[in-house]
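Reading the structure
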Amino acid sequence: MSVMTMTLPLHIPVLLDETIEALQVQPGKRYVDCTLGSGGHALEILTRSSPGGRLLGIDADPESIWIARGRLADHAGSAILVNDNFSNLGHICRENGFFPVGGILFDLGMSSVQLVSPHRGFSFQQEGPLDMRFGLNQEVTAADIVNSLSEEELAQLIWDYGEDRYSRQIARLVVRNRPIYDTLRLAQIVQKAVGSRRGKIHQATRTFLALRIAVNHEMENLERSLGQTIDCLESGGRLAVISYHSLEDRIVKRFMQREARGCLCLPEAPVCRCGHTPSLRTISKQVITPSLSEVQANPRSRSAKLRVAERL
């Protein structure tokens, strides 16, 4: 079933009020939503920045662009939607004359639509192909990784990106049962490898997360795009990033801390040789998390963490 004909789930933007406040959305300014998704945050940004506000929405998933275009139809003249990866942020902004901007938002992770679309292969609870690509023009799928890596490489990938302590047991059983091409089959194998040991999350959660990150080069693209935000933001412009697991949050935290510092030389260096000057000021000294009422209304928000910085 294509996204054109399926019934789409209710989209609830995570940390919506906190994000709008963090970005200090104002009428007449330009904003970039690097992870457009279903357009929930984008719609609020366009509403709050009216009159005169404009938004550049980026998403690697063409289905998300289609959905967001419908949601933002009332603001069509103020929104530019681009089907591309946010790792090309600087180029996309320059190409569309969107420079400098008053705020940049990243809402990392997957959208609800991707998760409930069996043909995308993100869910271990629905049968579908082991795909997991954000951009459908990408060549490597999750099935390619599962069926080609050695046992040691697969175990390392699940440990590095999924932080699963049973990574070796999982990799061993996966390799023994190859080839594997569908989601439910992989989930069953992971469950068998882990056994009855189960915490607060499904046994296959971390393996599927690790494969998704690897397929889409999420960590590398995040680091690359964060470095481009500084040149895109105007003085006083805000950067807001919502992450959902420790690897993403660690990258964001370190980036903001580094760019808020002056010299980056080693402490024992007698003289600064790096010439680095601060480009950001961290706004959120403590990470911002959803309220209890938001988590109860939208359980998928429970692991969200928002960090904010301002361009100097």
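The preceding data block contains the structure.
Described below are features of the structure shown in this document. A quick note: this is a predicted structure, and the numbers were derived from the prediction, not measured.

Calculation notes
- Residues numbered from 1 in each chain as written.
- Predicted model: local features only at pLDDT ≥ 70, side-chain atom pairs only at ≥ 80, totals over all residues.
- Heavy atoms only, no water.
- Helix = DSSP H or I, 4+ residues; strand = E, 2+ residues; numbered from the N terminus.
- Buried < 20%, exposed > 50% of the residue type's maximum accessible area, 1.4 Å probe, protein only.
- Pairing = 2+ DSSP bridges.
- Contact = heavy atoms within 4.5 Å.
- Axes fitted to C-alpha atoms, helices over the stretch in contact; angles between N-to-C directions.
- Parallel < 35°, antiparallel > 145°, perpendicular 65-115°, else oblique.
- Nonpolar A, V, L, I, M, F, W, Y, C, P; charged D, E, K, R; others polar.
- Salt bridge = Lys/Arg side-chain N within 4 Å of Asp/Glu carboxyl O.
- Phe/Tyr/Trp six-rings, centres within 6.5 Å; stacked < 30°, edge-to-face > 60°.
- Core = buried A, V, L, I, M, F, W, Y, C linked by side-chain atoms within 4.5 Å.

1. Describing the environment of Lys192
Its place among the elements puts Lys192 in helix α9 (residues 183-194). On the basis of relative accessible area, Lys192 is assigned to the exposed category, the value being 66%. Lys192 sits 82 residues away from Cys274 along the chain, and the two C-alpha atoms are 52 Å apart.

2. Notes on the pairing of strand β4 (residues 101-107)
Burial within β4 is extensive, with seven of its seven residues counted as buried. Sheet topology places strand β1 (residues 30-33) next to β4; three bridges connect them, and they run parallel. Its bridge partner being in β4, Val32 is matched across the sheet by Ile104. Bridge count between β4 and strand β5 (residues 233-243): six bridges; the pairing is parallel. Note on β5: the bridge partner recorded for Phe106 is Val241.

3. Some points on the environment of Phe99
Looking at the secondary structure, you find Phe99 in the loop between α4 (89-95) and β4. Separated by 68 residues in the primary sequence, Phe99 and Tyr31 have C-alpha atoms spaced 9.6 Å apart. When near neighbours in sequence (up to four residues on either side) are disregarded, Phe99 contacts Arg30, Asp231 and Cys232.

4. Quick word on the sheet that holds strand β6 (residues 280-282)
The mixed open sheet is built from seven strands, whose spatial order is β3-β2-β1-β4-β5-β7-β6. Because the sheet does not close on itself, it has two edges, and the strands there are β3 (79-83) and β6. Averaged over all adjacent pairs, the angle separating strand axes in this sheet is 20 degrees, with direction ignored. Most of the contacts of helix α11 (residues 218-232) go to β5, to which it runs at about 155 degrees, and overall it touches β4, β5 and β7 (305-311).

5. A short note on the pairing of β5
Counting buried positions over the eleven residues of β5 gives eight, a clear majority of the element. Of the pairings in the sheet, the one linking β5 to β7 comprises six bridges and is antiparallel in character. Residue pairing across strands places Arg238 opposite Glu310, the latter belonging to β7.

6. Observations concerning the packing of α9 against helix α10 (residues 205-216)
Interhelical geometry of α9 versus α10 gives an angle of 130 degrees and a closest axis separation of 9 Å. In terms of axis orientation, α9 runs oblique to α10. Each of Thr183, Leu186, Ala187 and Val190 in α9 lies in contact with α10, whose residues at this interface are Thr207, Phe208 and Leu211. Residues belonging to the contact of α9 with α10 are distributed by class as follows: five nonpolar, two polar and no charged.

7. Describing the pattern of salt bridges
Inspection of every chain in the model, using the stated rule, returns twelve salt bridges. Between Arg133 and Asp131 there is a salt bridge whose closest N-O contact spans 2.7 Å. Judged by its relative accessible area of 16%, Arg133 falls in the buried class. Exposure remark for Asp131: the relative accessible area of 10% places this residue in the buried category. The closest approach of N and O atoms between Glu310 and Arg281, which form a salt bridge, is 3.1 Å. Remark: Arg281 occurs in strand β6 and Glu310 occurs in strand β7; sequence separation between them is 29 residues.

8. A short note on unusual backbone geometry
A cis amide bond links Ser50 with the next residue in sequence, Pro51, at an omega value of 0 degrees. Mapped onto the elements of the fold, Pro51 is located in the loop between α2 (40-48) and β2 (54-59). A positive phi angle, near 50 degrees, is found at Leu15, a position not held by glycine. With respect to the secondary-structure elements, Leu15 resides in the segment before α1 (16-23). Judged by relative accessible area, Leu15 falls into the buried class, the value being 0%. Located in the positive-phi region is Glu163, a residue other than glycine, with phi close to 50 degrees. With respect to the helices, strands and loops of the structure, Glu163 is situated in the loop between α7 (151-162) and α8 (167-176).

9. Some details on the packing of aromatic side chains
The tally for this structure, following the rule as stated, stands at three aromatic pairs. Plain terms: the ring middles of Phe124 and Phe208 are 5.5 Å apart, the flat faces sit at 80 degrees to each other, and that makes the pair edge-to-face. Here Phe124, found in the loop between α5 (112-116) and α6 (142-148), pairs with Phe208, found in helix α10; they are 84 residues apart in sequence, far enough to count as distant. In terms of burial, Phe124 and Phe208 fall into one category: buried.

10. Quick word on the nonpolar core
Ranked by size, the top nonpolar core spans 32 residues in total, and within it Leu130, Ile170, Val174, Leu186 and Leu211 carry the most contacts. The set of elements that each furnish at least two residues to this core consists of α6, α7, α8, α9 and α10. Excluding anything up to four places from it in sequence, Leu186 contacts Leu130, Val146, Val174, Ile180, Phe208 and Leu211. Listed in part, the 31 residues of the second largest apolar core include Val82, Ile213, Ile230 and Leu280.

Geometric values such as these leave the question of function open.
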